[in-house]
Amino acid sequence: MSQSPVLRRRETVVSYLFLLPALFFFVGFVVTPMAMGIVTSFTDAHMGGSKFVFLDNYIKLFQDPVFLKSMLNTVIIVVVAVPVVTVFSLWVGSAIYEMRASARSFFRCVFYLPVVTGSVAVVVVWRWMFHTYNGLFNHVLVGAGILDKGFPFLGDTRTALACVILILFTTSIGQPIVLYVAALGNVDSSMVEAASVDGATRMQIFWKIKWPSIMPTTLYVVVITTINSFQCFALIQLLTSGGPDYATSTVMYYLYDTAFKQYQYGYADAMGVILAIVIALFSALQFKVMNGGTTE
Amino acid sequence: MTNDRKRSYVIFSIVLLVVLAILFLFPLYWIVTGSVKAKADILIKAGESVRWLPFTDISPTGENYAKLMKSTTELFTLNAFGYKITGPEIPMAMRWLFNSVFISVMAMLLSCITASLAGYVLAKKRFYGRAFIFTLFVCAMALPKQVILIPLLSLASTIGIANSPWAVICPVVGWPFGVFLMKQFSETIPTEMLEAARIDGAGEARTFWSVVMPLIKPGFGALAIFTFINAWNEYPLQLVMLTEQEQKTIALGIAALQSSDSTDYGLIMAGAALAAVPIIIIFLIFQKYFTQGITMGAVKG
């Protein structure tokens, strides 16, 4: 259906009237701050004032051991959390998909609860459970004779990051599970039946029939989990404040600390720009790798 | 043989699911039971057994909640026409809860309005700049929203909304997910129905109100519950924007309780329960729409 230019012009005017409220909030509170952030990253903006320093912040960042440590922690979180979340949610999704509707919605709900309750409520209770003297885990471990005295899970550089990843895991798998259950519902059931009549095994059915059709969902799950893991912040701010000795500091946490504790806005904005670029690169790479995988 | 293997796989998967479910439910259980434990029951001494079960091990007490409600403030204060109007005196914790509800409800209403209008035209109208605007929305969604916290704060201070609920509401409404979701729902509107309305002489506004709105109703349900929960849990934004005690949300309030005395677990858990229980109830009531929202938003087109 082609439109005459007159009609199209009329449609354009009407469309922009409809778009106006959304664009007001989007341009005002998303696009403008993004642009401001990029501009500020080239200045040394701080409490006292601001002057243009071009790339100085970026050069300084790559010589800043705390930033590099935070970047490393962030990458560790992403590299561990993304595969674990994807595999677990796919497994849980397939396992509960075959259950009765009531059991399915019960489990789906349970795994979604930590997302609903929000990081603060989740973190305060985990922090208590991990506590060296008052925590449940240490009490049970000491009671069972595994430890002779409480272990500072959150205060030890070897375990703190693992605790962060565990909690991140419980707050991350809810959404992928919902997505996988929905995606499995869209798999052509006549093909699955035909294959099982022909004697295909469970594994064959999964890899040959179900996997290709849930591939777009997997891609989406991987991308959103990557973005969320890169932004891991609330958890850390509430659980460890980046400690001990920056063992749990992530780029987002260091950004917050730099901007709102040390008031180095320009420097922090440069971190934000780098984080955004890294996330964009990761997402693009995942798209490329996973799309390439399906065409082969 | 295969049947045996199949049965053992099913048993294995059920056991693993139940263990995982306990891992997920236990923190909630620990919040709720912790909130009604007396101070002496909360700190476990070496050698004693943990007080697990309500009523047998724990004698429930309201003292933590009483302490949480002790400090008070006004429900709201308005300065209008030189008069200062103040609301009734309520506990500070209830004020935090009220702030959370206000932010979430406002973000929800505004998102429903802006996203349904924008989603409809992006799905159904062909106009100049459509591809550009849509690409802009999609690109923004792929970017980490937390990196704009710093410029957002300076923007909010400049226009004078820092430390007010609007500093949280506006960026939440601006986030393009809702537009995207409503576009997905609007795609399902049959174009013939829109044309029929036009032939019958309905204007654009009337078409939207009486043809489009009824058809995208499920979308409103999904978007409303999604935005409500998102705004409720938008902790980083709340943390940066709301620093005054009276403006805090319930999430910020609990975080403040924790940082002022991190070992008063009963009080902290009472706060956590006050934050978690209302949102869980809302989630359970609107669960159906919620699942729909997550899945519709994911199908990128």
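For clarity, every value in this text was computed on a predicted model and none was experimentally measured. (Residues numbered from 1 in each chain as written. Chains lettered and ligands numbered in written order. Predicted model: local features only at pLDDT ≥ 70, side-chain atom pairs only at ≥ 80, totals over all residues. Heavy atoms only, no water.)

Caption draft 1: Summary view of the overall build of chain A. Across its full length, chain A holds 12 helices and zero strands. Counting from the amino terminus, chain A carries its helices and strands in the arrangement α-α-α-α-α-α-α-α-α-α-α-α. Whereas a compact globule of 296 residues would reach a radius of gyration of roughly 19 Å, chain A reaches 24 Å, over 25% beyond that. When each of the 296 residues of chain A is scored for burial, the buried share is 54%. For chain A, the share of sequence-separated contacts (at least 6 apart) that also reach a separation of at least 24 residues comes to 65%. With the model as given, the accessible surface of chain A reaches about 13500 Å², and the carbon-plus-sulfur share is 67%. Across chain A, the centroid of the 17 positively charged side chains sits 5 Å from that of the 14 negatively charged ones. (Helix = DSSP H or I, 4+ residues; strand = E, 2+ residues; numbered from the N terminus. Rg over C-alpha atoms; globule rule 2.2 N^0.38 Å. Buried < 20%, exposed > 50% of the residue type's maximum accessible area, 1.4 Å probe, protein only. Contact = heavy atoms within 4.5 Å. Areas by Shrake-Rupley, 256 points an atom, 1.4 Å probe, with all protein chains shown as cover. Lys, Arg positive; Asp, Glu negative; His and termini not counted. Charge placed at Lys NZ, Arg CZ, Asp CG, Glu CD.)

Caption draft 2: Quick peek at the environment of Val289(A). Residue and element names in this part refer to chain A. Along the polypeptide, Val289 turns up in helix α12 (residues 265–295). Its relative accessible area of 57% is what places Val289 among the exposed residues. Expressed as a C-alpha distance, the spacing of Val289 and Ser213, which sit 76 residues apart in the sequence, is 17 Å.

Caption draft 3: Up close: helix α7 (residues 174–185) of chain A. Residue and element names in this part refer to chain A. Here α7 spans 17 Å end to end across 12 residues, near enough to the 16 Å set by a 1.5 Å rise per residue. Of all 12 residues in α7, nine are buried; the element is thus mostly enclosed. For α7, the full list of buried residues reads Gly174, Pro176, Ile177, Val178, Leu179, Tyr180, Val181, Ala183 and Leu184. (Expected span 1.5 Å × (residues − 1).)

Caption draft 4: Highlighting the nonpolar core. The biggest cluster of nonpolar side chains holds 182 residues, and the ones touching the most others in it are Leu19(A), Phe67(A), Tyr120(B), Tyr235(B), Met241(B), Phe283(B) and Phe290(B). With residues near it in sequence (within four places) discarded, Tyr120(B) still touches Phe18(A), Ala115(B), Lys125(B), Ser186(B), Ile189(B), Leu194(B), Glu204(B), Thr207(B), Phe208(B) and Val212(B). Within the second largest apolar cluster, 16 residues are counted, among which are Val85(A), Val92(A), Ala95(A) and Phe107(A). (Core = buried A, V, L, I, M, F, W, Y, C linked by side-chain atoms within 4.5 Å.)

Caption draft 5: Representation of the domain arrangement of chain A in the model. Here chain A is partitioned into domain 1 (1–40) and domain 2 (55–295). Here the C-alpha centre of domain 2 of chain A lies 34 Å away from the C-alpha centre of domain 1 of chain A. (Domains from an automatic or database assignment.)

Caption draft 6: Main features of the domain arrangement of chain B. All names here are of chain B. Taken domain by domain, chain B comprises domain 1 (2–61) and domain 2 (69–298). Taken together, the contacts link seven residues of domain 1 with eight residues of domain 2. Interface area, domain 1 with domain 2, both sides summed: about 620 Å², of which 82% is carbon and sulfur. Inspection of the domain 1/domain 2 interface yields zero salt bridges. (Buried area = accessible area lost by both parts, 1.4 Å probe. Salt bridge = Lys/Arg side-chain N within 4 Å of Asp/Glu carboxyl O.)

Caption draft 7: Structural context of the pattern of salt bridges. All chains considered together, the criterion is met by six salt bridges over all chains. Residue Asp156(A) is joined to Arg158(A) by a salt bridge in which the shortest nitrogen-to-oxygen separation is 2.9 Å. Classification of Asp156(A) as buried rests on a relative accessible area of 12%. For Arg158(A), a relative accessible area of 67% corresponds to the exposed category. Of the charged contacts in the structure, one is a salt bridge between Lys183(B) and Glu187(B), with a shortest N-O distance of 2.7 Å.

Caption draft 8: Quick look at a nonpolar patch on the surface. Residue and element names in this part refer to chain B. Together, Tyr9, Val10, Phe12, Ile14, Val18 and Ile22 give the surface a local cluster of nonpolar side chains, amounting to about 500 Å² of exposed area. By secondary structure assignment, the location of Ile14 is in helix α1 (residues 2–35). For Ile14, a relative accessible area of 39% puts it in the partly exposed group. (Patch = residues over 30% accessible without salt bridge, like charges linked within 9 Å, V, L, I, M, F, W, Y side chains within 5 Å.)

Caption draft 9: Highlighting the state of the cysteines. Using the criterion set out here, one finds zero disulfides over all chains in the structure. Looking at Cys232(A), it has no disulfide partner, and the nearest cysteine sulfur is the one in Cys163(A), 13 Å off. Free of any disulfide, Cys170(B) has its nearest cysteine sulfur in Cys112(B), 16 Å distant. You can call Cys170(B) buried: its relative accessible area is 9%. (Disulfide = S-S within 2.5 Å.)

Caption draft 10: Local environment of the interface of chain A and chain B. Contact with chain A, which involves 85 residues of that partner, is made by 100 residues of chain B. Carbon and sulfur atoms supply 79% of the area that chain A and chain B bury against each other, a total of about 8200 Å² over both sides. Together, Phe18(A), Phe29(A) and Trp128(A) form the three largest contributors to the area buried by chain A at its contact with chain B, with a combined 10%. Between the two partners, chain A and chain B, sit two salt bridges. One salt bridge connects Glu204(B) with Arg10(A), and the closest N-O pair in it is separated by 3.1 Å. Linking chain A with chain B are nine residue pairs in polar contact (both at pLDDT 80 or more). Among the elements that line the side of chain A that touches chain B, the one with the most residues is helix α1 (residues 5–40) of chain A, at 22 residues. By residue class, the composition of the side of chain A that touches chain B is 60 nonpolar, 17 polar and eight charged. (Polar contact = N/O pair within 3.5 Å; in protein donor to acceptor, adjacent residues only side chain to side chain. Nonpolar A, V, L, I, M, F, W, Y, C, P; charged D, E, K, R; others polar.)

Caption draft 11: Structural view of the packing of helix α3 (residues 65–97) of chain A against helix α4 (residues 101–130) of chain A. Residues and elements named next belong to chain A. Orientation of α3 relative to α4, taken along the N-to-C sense of each, is 155°, at an axis distance of 9 Å. Considering the angle they form, α3 stands roughly antiparallel to α4. Crossing of α3 over α4 shows right-handed handedness. Within the contact between the two elements, α3 uses Val92, Ile96 and Tyr97 and α4 uses Arg104, Phe107, Arg108 and Phe111. In terms of residue class, the contact of α3 with α4 is made up of five nonpolar, no polar and two charged. (Axes fitted to C-alpha atoms, helices over the stretch in contact; angles between N-to-C directions. Parallel < 35°, antiparallel > 145°, perpendicular 65-115°, else oblique. Left-handed = near helix turned anticlockwise from the far one by under 90°.)

Caption draft 12: The arrangement of the side chain of Thr217(A) in detail. Mapped onto the elements, Thr217(A) comes out in helix α9 (residues 202–230). Every residue in contact with Thr217(A), bar those within four places of it in the chain, is listed here: Leu179(A), Tyr180(A) and Ala183(A).

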